Amino acid sequence: DVVTAVTFRKVDLSGGGGAAGDYGGKGSGGNQQRVKLTLSVKVEAIDYDGEAAEIRLRGRVTSETSDQVRVGSYHTLTVAKTRALTIEKEEAPAWDFFALDVVAKACSDKAKLGVVDLAVLLVEEGYGSLHLIGSEGLSMKVAKIETRMPKKYGAAAAGITKAQSKFFDRCALAICQHIDFSSIQCLVLAGPGFTKDELLKHLMLEGARSKGSLEAGNSGGGGGPGASLASVLENKSKIITAHASSAFGHSLQEVLSSPEIAGRIANTRSASQIGALKKFYDMLSHDETRAFYGEVPVEAAGEMGAIEDLLITDTLFRNRKTETRVKFTKLVESVKQGGGKAFIFSSMHVSGEQLDGMGGIAAVLRFPMPELEDLEDDDDDESGSQASSDEE
């Protein structure tokens, strides 16, 4: 892709032409100055910074938009929210359905609002992690809460209540900072043991105190933490508890798969993806001749028009090899034309991570195809042989 955007670059204004450091040099050491330019770059590398919410695109300059930058020199464009850019796709599959779908969703009203359908706070004694799940199936960890907890025996045991209250206060602060109850469908407090239940009691108690303080006019303003805790109390119907094996990210899929949570997020894309993945696992357990994963058997099933549900991650559509992207684009299109369903999983969602672990592609078939099991074995053998040759 060729991307054009406004950028900043240090250039040599001494009259020698070109930017400082062009073609790997160190510049002339003359009058160097950081100037604002519009450059077109053929992208070779992409780096996403989640904390800064920026994408950095590195590649060679393709157009002589300025006499201060040479064509062919390397430059990195920084793309962020509200910064305009132009994207040109010069190679096949160019603007295929996947690329157009991404653009359409990015330009939708929901994307502009940054809609988050679900929030999950995974919590256990002394540790918690807050995750937001969007309507398009993306999930992001936005907070990590840690508090050193004293031992439950000996002299240190006297400080347990104080430490726990401090930990719960930090959890409440994370909730107030990152969750908008007017947009989410529910907040799930999940984890092992009773910590989640104790946290819920703490939130309701502190919320009631905050609300009473606000009504008495002692809050010092309506926009502080007290107001946020009061909103937690007002939206207690949106807060539920659920079991999880731990408070770490890998337990997120476990929470999202529970029937109660699935009912709350029934209209979101993440729910449909989780349902499709569960259907695949169920089919794999009960009739393995109708459930396959891996590139070779799934492609063979696609050629036979046997795919009922295709599960594929967006990672495969971002492959650097053009022929690979074209191949999977055609597979998705053929499944849809044949009356099947195609679920494109985000690699940023836990369900997408699971699917990536199976090669990034799987399928539930309309009818049994036991002959594909041999292809699956052959595929495994080829992978093993390739790995052996790589080691040699």
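Calculation notes
Residues numbered from 1 in each chain as written. Predicted model: local features only at pLDDT ≥ 70, side-chain atom pairs only at ≥ 80, totals over all residues. Heavy atoms only, no water. Pairing = 2+ DSSP bridges. Helix = DSSP H or I, 4+ residues; strand = E, 2+ residues; numbered from the N terminus. Axes fitted to C-alpha atoms, helices over the stretch in contact; angles between N-to-C directions. Phe/Tyr/Trp six-rings, centres within 6.5 Å; stacked < 30°, edge-to-face > 60°. Buried < 20%, exposed > 50% of the residue type's maximum accessible area, 1.4 Å probe, protein only. Lys NZ or Arg CZ within 6 Å of the ring centre and 35° of its normal. pLDDT = per-residue confidence, 0-100. Contact = heavy atoms within 4.5 Å. Expected span 1.5 Å × (residues − 1). Arc of directions from axis to C-beta.

**Student:** Mind laying out the sheet that holds strand E1 (residues 2-12), listing which residues take part and the relevant values?
**Tutor:** Read from one edge of the open sheet, five strands run E4-E3-E2-E1-E5, paired in antiparallel fashion. If you trace the sheet from one side to the other, it starts and ends with strand E4 (74-80) and strand E5 (85-88), each paired once. Taking the axes of each pair of neighbouring strands and ignoring which way they run, one obtains an average angle of 50 degrees across the sheet. Of the strand pairs in this sheet, strand E3 (residues 54-61) and E4 are connected by seven bridges, and their pairing is antiparallel. Across the sheet, Arg-58 pairs through a bridge with Thr-76, a residue of E4.

**Student:** Summarise the packing of aromatic side chains; cite the residues concerned and give the values.
**Tutor:** One pair of aromatic rings is described through two measures. These are the centre distance and the angle between the planes. Per the counting criterion, the structure on display carries three aromatic pairs. Relative to Phe-248, the ring of Tyr-127 has its centre 4.6 Å away and its plane inclined at 20 degrees; by these criteria the two rings are stacked. Remark: Phe-248 occurs in the loop between strand E10 (239-243) and helix H6 (252-256) and Tyr-127 occurs in strand E7 (residues 127-134); sequence separation between them is 121 residues. Given the relative accessible area of 11%, Tyr-127 is considered buried. Over the ring of Tyr-74 we find Arg-58, and its NZ or CZ is 4.3 Å from the ring centre. Seen from the ring of Phe-328, Lys-327 lies directly overhead, with NZ or CZ sitting 5.1 Å from the centre.

**Student:** Would you mind going over the confidence of the model for the protein chain in detail, with residue names and values included?
**Tutor:** Looking at the protein chain as a whole, its pLDDT mean stands at 78, while 76% of the residues score no less than 70. Mean pLDDT values for the elements of the protein chain range from 47 in helix H2 (residues 109-113) up to 95 in strand E14 (residues 361-365). Scored below 50 in pLDDT, residues 21-28 shows 15 contacts in the model against residues more than four places distant or in partner chains. Within the model, pLDDT remains below 50 along residues 218-227, and this stretch shows eight contacts once partners closer than five positions in the same chain are excluded.

**Student:** Please set out the sheet that holds strand E12 (residues 307-313) residue by residue, giving values where relevant.
**Tutor:** Read across the sheet, four strands follow the order E11-E14-E12-E13 without closing on themselves; strand pairing throughout is mixed. Bordering the open sheet on either side are strand E11 (291-293) and strand E13 (341-345), each of which pairs with just one other strand. Pairs of neighbouring strands in the sheet enclose a mean axial angle of 15 degrees, with direction left out of account. The sheet contact formed by E11 and E14 spans three bridges and is antiparallel. What sits directly across from Tyr-293, in E14, is Ala-362. Those strands touched by helix H9 (residues 295-303) are E11, E12 and E14, and its axis lies near 40 degrees from that of E14. Across the sheet, helix H10 (residues 322-337) touches E12, E13 and E14, and the angle it forms with E12 is around 150 degrees.

**Student:** How would you summarise helix H3 (residues 160-178) if you had to cite specific residues and measurements?
**Tutor:** Over its 19 residues, H3 extends 27 Å from the first C-alpha to the last, a length consistent with the 27 Å expected when each residue adds 1.5 Å. Where H3 is concerned, the buried positions are Ala-163, Phe-167, Phe-168, Cys-171, Ala-172, Ala-174 and Ile-175.

**Student:** How would you sum up H9? Please name residues and give values.
**Tutor:** Regarding H9, the residues found buried are Pro-297, Val-298, Ala-300 and Ala-301. All buried residues of H9 fall inside an arc of 160 degrees around its axis, so they share one side. Looking one or two residues past H9, Gly-305 carries a phi angle of roughly 65 degrees, positive in sign.

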